[in-house]
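Examination of the molecular architecture
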Amino acid sequence: MDQHDSMKHLLRAIEQAERGPQPGDLDDAPFLINWFLRPAGSTVIVAEGEVRGHPEIDDPWMTTSPVLGFNGAAGWMRTRSRWYRLGQASGLMMQ
């Protein structure tokens, strides 16, 4: 993916996060449990947790790409790369 395509992908992901999931967006989304949010640098938040059903990651513990949108009560999160369905949070607060 060249820089132009990467920027288009990021802008599309931000628009999706602002809008929230549409019908079908979460159907095949990976499921994240025992998750928590943490800073990754001065301007980025990521999530860590146990993942099920990720198309590219076999390890059950993962760190997501930057979080762009999040609604814990509704059970979803949008990162730069994809949607996630959210299960139980871990209760950890990382600083």
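This text gives an overview of the structure that appears in the document. (Residues numbered from 1 in each chain as written. Predicted model: local features only at pLDDT ≥ 70, side-chain atom pairs only at ≥ 80, totals over all residues. Heavy atoms only, no water.)

Focus on the pairing of strand E4 (residues 67-71)
Pairing geometry for E4 and strand E5 (residues 76-79), over four bridges, is antiparallel. Within the sheet, the bridge partner assigned to Gly-69 lies in E5 and is Arg-78. Counted along the chain from E4 to the antiparallel partner E5, the turn is four residues long, and its residue Gly-75 has a positive phi close to 80°. (Pairing = 2+ DSSP bridges. Helix = DSSP H or I, 4+ residues; strand = E, 2+ residues; numbered from the N terminus.)

What to know about the nonpolar core
In globular proteins that are soluble, nonpolar side chains generally tend to be buried together. Listed in full, the nine residues of the largest apolar core are Leu-32, Trp-35, Ala-47, Val-51, Met-62, Val-67, Met-77, Tyr-84 and Leu-86. Going through the elements one at a time, strand E1 (31-39), strand E2 (45-52) and strand E6 (83-86) are the ones with two or more residues in this core. Not counting the four nearest positions on each side in its chain, Tyr-84 is found in contact with Leu-26, Ala-29, Pro-30, Leu-32, Val-51, His-54, Met-62, Thr-64, Gly-75, Trp-76, Met-77 and Thr-79. (Core = buried A, V, L, I, M, F, W, Y, C linked by side-chain atoms within 4.5 Å. Buried < 20%, exposed > 50% of the residue type's maximum accessible area, 1.4 Å probe, protein only. Contact = heavy atoms within 4.5 Å.)

Quick look at the sheet that holds E6
If you trace the six strands from one edge of the open sheet to the other, you get E3-E2-E1-E6-E5-E4, paired in mixed fashion. Edge strands, defined here as strands with exactly one partner in the open sheet, are strand E3 (61-63) and E4. Strand-to-strand twist in this sheet, taken as the mean axis angle between neighbours without regard to direction, amounts to 30°. (Axes fitted to C-alpha atoms, helices over the stretch in contact; angles between N-to-C directions.)

These figures come from the coordinates and say nothing about function on their own.
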